Amino acid sequence: MPDPYEAGKGRQRDLKGEDELQSYLEQAFGKSDVTSAKMRAALREWLDLYYGTPRAGEDAAPRLAALIVGKLCRTVFAEYETRLPENAGQPMRCSLAALNAIAKPAMQYALVGGECLLKPVPKDGAFDFVPIRRDCYVPLARDAHGRILAVGTMERHSCDGRQYALLERRTAGAEGLTIETRLFELNGQALGRCVPLATLPACADLVPQLMLPGVQGVGLAVLRTPLMNCVDGSADAVSIYAPAAGLLHALARCEEQLNTEFANGASRVFASEDLLRPDAQGRRALRDDLFIGLPDDPANVGVTVYSPALREQSYLARKQDLLRGCESLLGLRRGILSETEANADPRTATEIAATSVDYDLTIRDLQGAWGAAVQDAMVLCGTLGALYGLEFHTDAVVPAIDWGDGVLYDRARIWAEQREMVDVGLLRPELALAWYFDLPCGSEAELKEVREKFMPK
C-alpha cells in the first residue's frame, strides 16, 4: 500500500498565510474554507497577540498572550504521566512516547488558535506525530458539533530552483478516509500547473487518490480548547485568551501610554538663545566654559532644569485593574498576572479559595481536552497500524493518564482515608492499591494480579 503519510516525514512546513492556502485549495479542489470571515479575522488577531505583532498606539513588548499560554501549558503538564497495560506492544509504546514528545507544542498551538491537528506519520514500525497549527490548515467541512469532516493542507517544496506546493485534501466518509493529493509548480505567487507527484523524490510514493477503509474522520487527532465560541457563535474552537482579547489590547495601549509618560518626563534644560552655539555637526548645545560655578544669588543663574512629575501610579493602577479583569475572564488564579500585594486590594479567604478553584477547573478542562486527544490518537494508531500490518493490540489503545494532585484533589489525603478504611476492615487492600496505582480491578482475576504484584505473602 502506498504510504499517504510519508510526505510529512522529516520536512518542515512552510507557514504561509491562510488566505493564500485557501486560494490554492479552491483552485486545486474547488472547495473553500467554511470558517467565517469574522473567525478568520479573530484567528489573525490571536496570532498577532501571541507573536507580539504591534498595532498603532500599542506596545507589544509585554507579550501577555504568550505569558498566559506558557503558564497554562506548564501547569497542565506539571505532573503528567502516562501508562500502558503490560500487554501493549512496542509499536504502541513508541507511538505514545512520540505523542508525549509533542504534547506541549500541540497544547500551545491549541491554546493560541483554539484547535490543533495531530498527524500520525509512520516511522520505524510505529507512528510519529506532527502538530499542525490552526493557521496551517483549512477546514472544508464541519458537522454540527464542530468535528472536521474535510480538511485541506499545504506543504511547500523547493527543487532545482523551482517552487512546488503539495496540496492534500482529506474527506471523511461512511466507509473510510479519502485522501486526494496534488502537486503544483508555483508560478510566482500564483498556483501554476499541476505536475505528476513523481516530479519530486519526496512525493514519489504518493498517489493522487487513496481510500483508507475503516479510518474514522479525517485520519487526524484533534485537540480543541474547551471554550464556547465567543466570536461568532459557530462550532469553531477559540483561543484560550479569546474572551480577554479586548483587555489585552487595552493593556498594550496602557503600556504604550506609560512609556510615553516616562519619555515626556525626562529632565530638560532651559537656556536662553544666546547661550547656545552650534558644534561641528551643527547641533546646538551649551559651551563647556559656561559651567564654572553658580553664584549664591539665584537671580544670576542662567540655566534652569525642568523635571516634570510622572503619573505612573495612575497608569499602574489601571494596568493592575486590567490584569485582574483578564484573570477573571480566563479563570486564572488571582495574582498570576496581577500583583496580589497591593494595599488597595483587600481580599477575603473566600475570594482566594474561589479563584484557586476556578484556576483548578480551568486546568482540569485543558487536561480533559488533551486526554480526549490522546485517546483519539491511540485509536487512530490502532486502525492505521492494522492497515500497515503493525502489531498494535486493540485492547491496549487507551493509556492511563495520571495528572497528579490539584486544588480540588489531594491524593495524599484520599490515600490516608483509604488506608484507614483498610485498617478497620471496610475496604479490601487490593482495591486501595488498584486505586493508588490506577490499575483495573473489576474482576477477581484483576484483583489477584494486584495481590501478586504488590501484596507480600
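Keep in mind that what you see is a predicted model, and the values were worked out from it rather than measured. All chains use their own residue numbering, which begins from 1 and follows the written sequence. Note on the predicted model: pLDDT of at least 70 is required for a residue's local features to be given, and 80 or more for side-chain atom pairs to be given and counted; whole-chain, interface and lining totals, by contrast, use all residues. The side-chain figures draw on all heavy atoms in the structure; neither hydrogens nor water molecules are used.

Attention now moves to the overall build of the chain. Helix numbering and strand numbering both begin at the N terminus, where a helix is a DSSP run of H or I of at least 4 residues and a strand a DSSP run of E of at least 2. Regarding its fold elements, the chain presents 11 helices and 15 strands. Note on classification: 1.4 Å probe, protein chains only; a residue is buried when its accessible area is under 20% of the maximum for its type, exposed when over 50%, partly exposed between these limits. Counting across all 457 residues of the chain, residues that qualify as buried make up 42%. When the accessible surface of the chain is summed, it comes to about 23900 Å², and 52% of that surface belongs to carbon and sulfur atoms. Calculation of accessible area relied on Shrake-Rupley with a 1.4 Å probe; when residues are assessed, cover is drawn exclusively from the protein chains displayed.

Moving on to the packing of aromatic side chains. A pair of aromatic rings is counted whenever rings of Phe, Tyr or Trp (Trp by its six-membered ring) have centres within 6.5 Å, and the orientation is called stacked for planes under 30 degrees apart, edge-to-face for over 60 and tilted otherwise. This model, assessed by the stated rule, comprises nine aromatic pairs. Measuring from ring centre to ring centre gives 6.1 Å for Phe 77 and Trp 403, while their planes differ by 50°; the resulting arrangement is tilted. Pair noted here: Phe 77 is in the loop between helix H3 (64–76) and strand E1 (81–83) and Trp 403 is in the loop between strand E15 (400–402) and helix H9 (411–423), with a separation of 326 residues, a long-range link. No difference in accessibility class separates Phe 77 from Trp 403, as the two residues are buried.

Moving on, we come to unusual backbone geometry. Non-glycine residue Arg 63 carries a positive phi angle of around 50°. Under the relative-accessibility criterion, Arg 63 is labelled partly exposed at 34%. Phi at Asp 124 is positive, roughly 55°, even though this residue is not glycine. Positionally, Asp 124 belongs in the loop between strand E2 (115–123) and strand E3 (126–132).

For this analysis, a salt bridge means a side-chain nitrogen from Lys or Arg found within 4 Å of a carboxyl oxygen belonging to Asp or Glu. Under the definition given, this model contains 18 salt bridges. Ionic pairing is found between Glu 58 and Arg 253, a salt bridge with its closest N-O pair at 3.7 Å. With Glu 58 in the loop between helix H2 (37–51) and H3 and Arg 253 in helix H6 (residues 245–264), the pair connects residues that are 195 residues apart, well separated along the chain. Residue Arg 83 pairs with Glu 81 through a salt bridge whose shortest N-O separation is 3.9 Å. In this structure Glu 81 comes out as partly exposed when scored by relative accessible area, which is 40%.

What follows concerns the packing of H6 against helix H7 (residues 312–330). Throughout, an axis means a line fitted to C-alpha atoms (over the contacting stretch in the case of helices), and angles, computed between N-to-C directions, take values from 0 to 180 degrees. Put simply, H6 and H7 touch, their axes get as near as 10 Å, and they point 165° apart. The orientation of H6 with respect to H7, classified from their angle, is roughly antiparallel. You can see that H6 and H7 cross each other, and the crossing is left-handed. Residue-level inspection shows Leu 247, Leu 248, Ala 250, Leu 251, Cys 254, Glu 255, Gln 257, Leu 258, Glu 261 and Phe 262 of H6 in contact with H7, the latter providing Glu 312, Tyr 315, Leu 316, Arg 318, Lys 319, Leu 322, Leu 323, Gly 325, Cys 326 and Leu 329. Taken together, the residues of the contact of H6 with H7 sort by class into 13 nonpolar, two polar and five charged. For classification purposes, angles smaller than 35 degrees are called roughly parallel, those larger than 145 roughly antiparallel, those between 65 and 115 roughly perpendicular, and all remaining angles oblique. Handedness of a crossing follows from how the near helix is turned relative to the far one, being left-handed for an anticlockwise turn of less than a right angle and right-handed for a clockwise one. By the convention used here, residues are in contact when the closest approach between their heavy atoms is within 4.5 Å. Amino acid classes used here: Ala, Val, Leu, Ile, Met, Phe, Trp, Tyr, Cys and Pro are nonpolar; Asp, Glu, Lys and Arg are charged; the rest, including Gly, are polar.

With that settled, the discussion passes to the sheet that holds E2. Strand order in the open sheet made by the three strands is E3-E2-E10, with antiparallel pairing throughout. Each edge of the open sheet is held by one strand with a lone partner, namely E3 and strand E10 (221–224). Strand after strand, the sheet turns through a mean of 30° between neighbouring axes, direction not considered. Docked against the sheet, helix H4 (residues 90–101) engages E2 and E3, running at close to 20° with respect to E3. Across the sheet, helix H5 (residues 103–113) touches E2, E3 and E10, and the angle it forms with E2 is around 150°. Two strands pair under a simple rule: DSSP has to find at least two bridges between them.

Turning next to H6. In this model H6 runs 29 Å from its N-terminal to its C-terminal C-alpha over 20 residues, within 8% of the 28 Å that 1.5 Å per residue would give. Those residues of H6 that fall on the buried side of the exposure criterion are Ala 245, Leu 248, His 249, Ala 250, Leu 251, Ala 252, Cys 254, Glu 255, Leu 258 and Glu 261. Close packing links the buried residues of H6 with H2, H3 and H7. Every helix has an expected span of 1.5 Å times one less than the residues it contains.

Right, let's talk about the environment of Val 215 for a bit. As for its placement among the helices and strands, Val 215 is situated in the loop between strand E9 (209–213) and E10. Take Val 215: its relative accessible area is 0%, and that puts it in the buried class. Taking C-alpha positions, Val 215 is 5.6 Å from Leu 177, a pair spaced 38 residues apart along the chain. Setting aside chain neighbours within four positions, we find Val 215 in contact with Gly 176, Leu 177, Leu 380, Thr 383, Leu 384 and Leu 387.

When you line up the elements, Glu 255 lands in helix H6. In this structure Glu 255 touches Asp 59, Pro 62 and Lys 319, once residues within four positions along its chain are discounted.

Within the fold, Thr 82 resides in strand E1. Assessed through its relative accessible area of 19%, Thr 82 is described here as buried. The residues touching Thr 82, leaving out its near neighbours within four places in the chain, are Leu 96, Asn 100, Ala 400 and Ile 401.

Right, let's get into the nonpolar core. Residue types Ala, Val, Leu, Ile, Met, Phe, Trp, Tyr and Cys, when buried and joined through side-chain atoms within 4.5 Å, form a set referred to as a nonpolar core. Residues Leu 118, Tyr 241 and Trp 370 are the most contacted members of the largest nonpolar core, which totals 81 residues. With sequence-adjacent residues up to four places away left out, Leu 118 is seen in contact with Leu 99, Ile 102, Ala 106, Phe 129, Val 130, Pro 131, Leu 220, Ala 221, Trp 370 and Ala 373. Core analysis: the second largest hydrophobic core is formed by 14 residues, Ala 28, Val 138, Ala 165 and Leu 191 among them.

The pLDDT score gives, residue by residue, the confidence of the prediction method on a 0 to 100 scale. Model confidence for the chain is summarised by a mean pLDDT of 81, while 84% of its residues fall at 70 or above. Confidence, read as mean pLDDT per element, is least for strand E14 (residues 303–306) in the chain (62) and greatest for H5 (96). Across residues 1–16, where pLDDT falls below 50, the model places 51 contacts with residues more than four positions away in sequence or in other chains.

Moving on, we come to H9. Taking 1.5 Å of rise per residue, 13 residues should cover 18 Å, and H9 covers 18 Å from first to last C-alpha, within 8% of that figure. A positive phi of about 80° marks Gly 425, the residue just after H9.

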